[in-house]
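Summary of the model geometry
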Amino acid sequence: MNRPQHLCVFTAARIHTMDLGRPTASAVAVADGRIVSVGTLESMQPWLKRIPHTIDDRYAERVIFPGFVDPHTHLRVSGTFAGLNYVGPIDLGGQRALAPMATRDDVLGRIASLAKTPEIGADGRPAPILFWGYDPASQGGHLDRDLLDSISGTVPIWVCAYAPHIVYTNTPMLEITGVDDTSDFHGLGRYPDGRLNGWFVETGATAVAMRPVARSIYRPGFGRAALNRMSGIARDAGITTTADMGWGLDDFEREWADHQAAIEEDHIPLRVMLVPFEPTLNKKFGADALEFRESRARAGNDRLSVHGVKFINDGSYPSMTLKLGYPGYLDGEMGLTGEIPWEQVYERMLPYWNAGVQIHSHANGDATVDMTLDVLSRLQRTQPRFDHRFVIEHYCLSTPAQARRLAALGGMASVNAYFVKYRAQMHADAGFGPDRSEATARLGSLVAAGAQFAIHSDFNLVVTPLSPLSVAGIAVTRLAHDGETVLAPGERISLDRALRAITVDAAHILSRDHEIGSIEPGKLADFAVLADDPYECDPRSLGDIEVVDTVLAGESTQD
Ligand SMILES: [Zn+2]
């Protein structure tokens, strides 16, 4: 790369760089999408007297941060679900006009009213009606086949949970999926008497439930439209880079094409890293999976790239399907594993481990964290690796001993800390019990153990908003939903550590901290422009700080 020909210098009331050596500044010079100099207008004179430049004062009264990095989202697929009939408990803001619903009765009422006037398909029969957003914990418990049959025994009803680890169906819908009493596969739900209960749980089973309605969910143009809508929400939250932790859950080619079109033609204001989902990679490409991954990785660039590989080894926190150790759930459940049997996880990870690919492994429950650490330990014994950056995704319910073991094995955690505020109190009496719920997202234990970590949203496949600043505040205060109770106070972390977990440490989790996550010469010029300084405000109101703009590769995304 040649010496820059022209510099644009942004001035600010304060710049927080996340560079330990030069933590604050008041001017940043950019050229060719990258940062040239950071400091003050005086300190960068050696550059300014040699290279023509303009001074841009538009952020002179603002605070500049590195653009936020959310290392785990699902913008395309969740935006697509948001196009279905909504039955969720929270306001989706600009995503969807339908009002949120507080109770299961409200939800059943909406389902019943739509089931009265079904569309009639080409075969003369009622077409399935598709719903998304049900939240069993907050809306009053799981749905099931008999309950949905009581609404309609003729119109196929298909309800996907907000965290889409469960699909609920009635009898006509069950028939369309092709399963019957003789069917037997992982995640197919049954009543105690052995009858099918209409549940499809975890990715293998939900894929069976989705197959007959896939064309209605993934309609042409939906994916790209979803990306446009969701990336606007991400931009408004100050995010400039995110990783989609489930590339292939719909279709590798369609997803790649939608992202490419959204970035190149629609100019969505994000860098996106696509993380291939291993079970789909394995099903589709078998022994050629690594080769396919490598070929796509070569086609990537700094806006759209392929990163790592993703495994899912248990269920969801909000849908209460994660895998718990003793004493299990309040109602005696123990949760569900992912579609790869646990005894096969090591063999499935080994080729990626040996090839030097970074592994991201979803583990929500403490039993799953144990299994994952056992596998990581075995991988290390087989072929020791330094700087492998094996990441446990979510790390919702864990123990201090697991944090120490994770650190000792060189592993890291990408943690959903939104749940401390939005879910933990609810799950004290629904699902996990008080002890595990209050210790949701143990970031303090990770700090004490010396483990690297980031904070993510999983937006929008969990029942939370998207706001890196809010979740940083949650990590600092651990204030519960009631706004008063501090949950597991020893798990609180410092403000500085929390703000690193949404910037440079999140970039580190994605192996991109040499390019993004801090404001340093040579890095990509991605900034979040804020109305107030997070270091000077009450951590309880971090989420109220206005994101004024983001800058991507040196350009305002609002121009
Ligand atoms: Zn996810």
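Everything below is about the structure printed above this text.
The model shown is predicted, which means the values in this text are computed figures rather than measured ones.

1. Description of the sheet that holds strand E16 (residues 309-312)
Read from one edge to the other, the open sheet built from five strands follows the order E16-E17-E18-E19-E20, with strand pairing classed as parallel. Of all strands in the sheet, those bounded by a partner on one side alone are E16 and strand E20 (453-455). Recorded for the sheet is a direction-independent mean angle of 20 degrees between the axes of neighbouring strands. Sheet topology note: the strand E19 (residues 412-415)/E20 ladder contains three bridges and is parallel. Residue pairing in the sheet places Val415 in a bridge with Ile455 of E20.

2. Points about the sheet that holds strand E9 (residues 157-161)
One open sheet accounts for six strands, arranged E7-E8-E9-E10-E12-E11; its pairing is mixed. Strand pairing shows two members of the sheet lacking a second neighbour, strand E7 (85-86) and strand E11 (188-190), which therefore form its edges. By the bridge criterion, five bridges tie strand E8 (residues 129-134) to E9 in an arrangement that is parallel. In the strand pairing of E9, Phe131 is matched with Val159. Along the sheet face, helix H3 (residues 104-115) touches E7, E8 and E9 and points at about 165 degrees away from the line of E8.

3. A closer look at the side chain of Ser398
Residue placement: Ser398 occurs in the loop between strand E18 (391-394) and helix H15 (400-408). The buried category is assigned to Ser398, whose relative accessible area is 8%. Setting aside residues up to four positions removed in sequence, Ser398 forms contacts with Asp366 and Arg442.

4. Remarks on the coordination of the zinc ion
Coordination of the zinc ion by the protein is provided by His72 (NE2), His74 (NE2) and Asp458 (OD), with metal-donor distances spanning 2.1 to 2.2 Å. Read in sequence order, the donor residues for the zinc ion give the motif H-x1-H-x383-D. For the pair His72 and His74, one class covers both residues: buried.

5. Some thoughts on the packing of helix H10 (residues 252-264) against helix H12 (residues 289-299)
In the contact formed by H10 and H12, the axes pass within 13 Å of each other and the chain directions differ by 10 degrees. Between H10 and H12, the angle is such that the two are roughly parallel. For the pair formed by H10 and H12, the contact residues are Phe252, Glu253 and Trp256 on the first element and Phe292, Arg296 and Ala299 on the second. Residues of the contact of H10 with H12, tallied by class, amount to four nonpolar, no polar and two charged.

Here is what the cut-offs are and how they apply
- Residues numbered from 1 in each chain as written.
- Predicted model: local features only at pLDDT ≥ 70, side-chain atom pairs only at ≥ 80, totals over all residues.
- Heavy atoms only, no water.
- Pairing = 2+ DSSP bridges.
- Helix = DSSP H or I, 4+ residues; strand = E, 2+ residues; numbered from the N terminus.
- Axes fitted to C-alpha atoms, helices over the stretch in contact; angles between N-to-C directions.
- Contact = heavy atoms within 4.5 Å.
- Buried < 20%, exposed > 50% of the residue type's maximum accessible area, 1.4 Å probe, protein only.
- Donors = N, O, S within 2.8 Å, 3.2 Å for Na, K, Ca; no water.
- Parallel < 35°, antiparallel > 145°, perpendicular 65-115°, else oblique.
- Nonpolar A, V, L, I, M, F, W, Y, C, P; charged D, E, K, R; others polar.

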